[in-house]
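Fold and contact review
The lines below spell out each chain.
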Amino acid sequence: MDENILKYYSRKDVQKKILEASKDREIGVKYGRDGGFGKRPDVLQFENDVLELVKSGATSFHVSVERWENPLLIETGMNRSQLDRIRKGWDAILDIDCKFLEYSKITAELLVEALKFHEIKNIGVKFSGGSGIHIGIPFESFPSSVDSKETKDLFPEGVRVIAEYLKNMIRDPLRERILSVSKIDDIAKSIDKRKEELLEKNIFNPFSVVGIDSILIASRHLYRAPYSVNEKKGFVSIPIEPNSIKDFNLSVAKIENVKAERNFLPKKVDGYEAGQLIMQAFDALKKKRFAMPEEVKIKREFETPTMAVNEEHWPPCIKTGLKGMGDGKKRFLFILLNFLKSLNWNMDSIEKIVKEWNQKNKEPLKEGYIISQLNWHKQHKEKILPPNCANPAYYADLGIKCPEEICSKCKNPVNFSLRKLRMLKQQKPKRKPRVSKKKT
């Protein structure tokens, strides 16, 4: 046990803040830099629970985006309606994921400006403990219903729609701000990518280096609790004053310098101040001002197969990912589920493939997460393409990208498999028509 971590979590002010952040939320306790999470569901009941868990090897605490009537009522395998019944609400947590803190700060500033534009005053900002930043809107800011649906039941789509709406809103200023501090060639070199991978229609795509990844938000999604240590980086995930993001520096997040004073999510809000945001976000989606990442339906150019397409016809990126993943398991699972559904695999077979793949991962995904993703796809019958091959946040970033001679010919992994099928059909020799002999 690291003595600094033990000493830090022994502080009553730290224990108090972590306990407050866990109220009505499921918690996840991580053990060690390379260790996994403890049992779920779990809760904190007393301040001293934090210290006792640390004494048993815990190094960080994570809390759910969702708020529950009683988190201990959650059971693995619950379907959507069962979870809706025990969910009290959810906070909109936007996770800015980037290797460069400077870009994360720029993105956070723009998101705060966008929220203020929608007349939201009570905004939470928190350093992730790594190089990212979390932006939070408490559930109390949202109206009780949206389009005749209870807001508490609009999870995860509520957070996803808000995230994509705001991404669309800040895209151009984010591009300009990043290019004002860095040249695109230098950016590509620093993240070991080709310049072309950072472009979209020959224009720099800021989200090729900054992620606000809404598709990974699912039921029972966790994020690092405020004042919890990031065991890989050694920094503490501390709240930041929204108007002082630019001035934030890592020194204040060192264990020895942390002051457990601010809250991440505001406790009091002025009415339903986020009502305008959520209603405009859903309205903009209906009017197709932006598209959700997973809402790329099977295009007409793709002939939907009538039978499940065998593994021998799958592209190298899928085959490589199926050997097991280190980082990026949730992103690959998203790819895999949509890939298999698009190739007409049934859900029972998909479940078998997914579970076999998960056992090959360096650190398998939690069974509850796997089941929640499978349940979502069972309830949504439509076939949706996985992300296109050129999407830098997926194949290249995960280290499974196909060779260029393959990617240059196929826009999507599904396209690769269907092309192979068409080629095989064309190669099959045509049967000569049988000529019947007439009796004489």
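Residues numbered from 1 in each chain as written. Predicted model: local features only at pLDDT ≥ 70, side-chain atom pairs only at ≥ 80, totals over all residues. Heavy atoms only, no water.

1. Things to note about the nonpolar core
A general tendency of soluble globular proteins is for nonpolar side chains to be buried together. Rules: In these notes, a set of buried Ala, Val, Leu, Ile, Met, Phe, Trp, Tyr and Cys residues joined through side-chain atoms within 4.5 Å is what counts as a nonpolar core. Buried means the residue's accessible area, taken with a 1.4 Å probe over protein chains only, is under 20% of the maximum for its type, while exposed means over 50%, and partly exposed covers the values in between. Whether two residues are in contact is decided by their heavy atoms, any of which lying within 4.5 Å being enough.
Judged by nonpolar contacts, the single largest core of 87 residues is most densely connected at Tyr 9, Phe 61 and Ile 135. Sequence-distant contacts of Ile 135, defined by excluding residues within four places in its chain, comprise Ala 92, Ile 93, Leu 94, Ile 96, Ala 108, Leu 111, Val 112, Leu 115, Ile 123, Gly 124, Val 125 and Phe 264. Formed by 38 residues, the second largest nonpolar core is a distinct cluster that contains Cys 317, Leu 343, Trp 357 and Ile 406.

2. A look at the packing of aromatic side chains
We apply this condition: When the centres of two rings from Phe, Tyr and Trp lie within 6.5 Å, Trp using its six-membered ring, the rings pair. Their planes under 30 degrees apart give stacked, over 60 give edge-to-face, and anything left gives tilted. In this description a helix means any DSSP run of H or I spanning at least four residues, a strand means any run of E spanning at least two, and both kinds are numbered starting from the N terminus. By definition, being over a ring means that NZ of Lys or CZ of Arg is both within 6 Å of the ring centre and within 35 degrees of the ring normal.
Considering all chains together, one arrives at 13 aromatic pairs under this definition. Taken together, a centroid distance of 5.7 Å and an interplanar angle of 90 degrees make the contact between Trp 314 and Phe 339 edge-to-face. Of the two residues, Trp 314 is situated in the loop between helix 8 (275-286) and helix 9 (316-321) and Phe 339 in helix 10 (residues 329-342); the sequence distance between them amounts to 25 residues. Each member of the pair, Trp 314 as well as Phe 339, carries the same accessibility label: buried. Over the aromatic face of Phe 264 sits the side chain of Lys 126, whose NZ or CZ is 5.5 Å from the ring centroid. Across from the ring centre of Tyr 369, 4.6 Å away, lies the NZ or CZ of Lys 330, which sits over that ring.

3. Structural notes on the sheet that holds strand 13 (residues 222-224)
To be explicit about the condition: At least two bridges found by DSSP between two strands is the condition for calling them paired. In this description, a line fitted to the C-alpha atoms serves as the axis of each element, helices being fitted only across the stretch in contact, and the angle between N-to-C directions of two axes falls anywhere from 0 to 180 degrees.
Strand order across the open sheet formed by three strands is 1-2-13, with antiparallel pairing between neighbours. The open sheet has two free edges, formed respectively by strand 1 (27-30) and strand 13, since each of these has just one partner strand. Averaged over all pairs of adjacent strands, the angle between their axes in this sheet comes to 30 degrees, without regard to strand direction. Two strands pair when backbone bridges link them, and strand 2 (residues 60-64) and strand 13 are joined in this way by three bridges, in the antiparallel orientation. Of the residues in strand 13, the one forming a bridge with Ser 64 is Leu 222.

4. So, the pattern of salt bridges
Oppositely charged side chains may form a pair once their charged atoms are brought near each other. To keep it simple, the criterion reads: Think of a salt bridge as a Lys or Arg side-chain nitrogen and an Asp or Glu carboxyl oxygen that are within 4 Å of each other.
By the definition in use, this model includes 28 salt bridges. Notably, a salt bridge pairs Lys 287 with Asp 283, separated by 3.1 Å at the nearest N-O pair. Using a relative accessible area of 30% as the deciding quantity, one classes Asp 283 as partly exposed. Across the pair Glu 356 and Lys 352 runs a salt bridge whose closest N-O atoms are separated by 2.8 Å. Of this pair, Glu 356 and Lys 352 both sit in helix 11 (residues 347-360), separated by four residues, roughly a single helical turn. Connected through salt bridges with shared partners, the residues Glu 66, Arg 80, Asp 84, Arg 87 and Glu 157 form a single ionic network.

5. Overview of the environment of Asp 192
Structurally, Asp 192 can be placed in the loop between helix 7 (184-190) and strand 10 (199-200). The exposure class of Asp 192 is exposed, given its relative accessible area of 73%.

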